[in-house]
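Architecture at a glance
Residue-level listing of the chains:
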Amino acid sequence: MPLKALKCPVCGERVAFKVTQEVVKNATTFPVPFKVIHGDHSFTVYLDSGLLISRVSARTTDSPPVESP
Ligand SMILES: [Zn+2]
């Protein structure tokens, strides 16, 4: 199970997490969004077919940011 490490886009601390081949095994489009929980917040990494991180977003796929008035 690959272990990934990167700088959290939310708090700036280094974070390590595991991803499994299952994440991309059944994917039809790439990159695949993968939600990472880091303490009381979370972010999304986008993985290509080789489980490499192609992009990191502070947004999470299931909780879009609230628009400011
Ligand atoms: Zn963080």
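Below you will find a few notes about this structure. (Residues numbered from 1 in each chain as written. Predicted model: local features only at pLDDT ≥ 70, side-chain atom pairs only at ≥ 80, totals over all residues.)

1. Quick notes on the overall build of the protein chain
Test applied: Strands are runs of DSSP state E lasting at least 2 residues, helices are runs of H or I lasting at least 4, and numbering of each runs from the N terminus. Three exposure classes are used, based on other C-beta atoms lying within 10 Å of a residue's own C-beta, which is placed from the backbone: buried for 20 or more, exposed for 12 or fewer, and partly exposed in between. Here the contact rule is simple: place C-beta atoms from the backbone, and any two residues whose C-beta atoms are within 7 Å are in contact.
The helix and strand inventory of the protein chain stands at 1 helix and 5 strands. Listing the helices and strands of the protein chain from first to last along the sequence gives β-β-α-β-β-β. Expressed as a percentage of its 69 residues, the buried residues of the protein chain come to 6%. If you take every contact in the protein chain between residues at least 6 apart in sequence, the share linking residues at least 24 apart comes to 31%.

2. Quick word on the pairing of strand E5 (residues 53–57)
Short version of the rule: Two strands qualify as a pair provided DSSP detects at least 2 bridges between them.
Strand direction decides the pairing type here: strand E4 (residues 41–47) and E5, joined by 4 bridges, are antiparallel. When the sheet's bridge partners are listed, tyrosine 46 is paired in E5 with arginine 55. Hairpin connection between E4 and E5: a loop of 5 residues separates the two successive antiparallel strands, and leucine 51 in this loop has a positive phi of roughly 65°.

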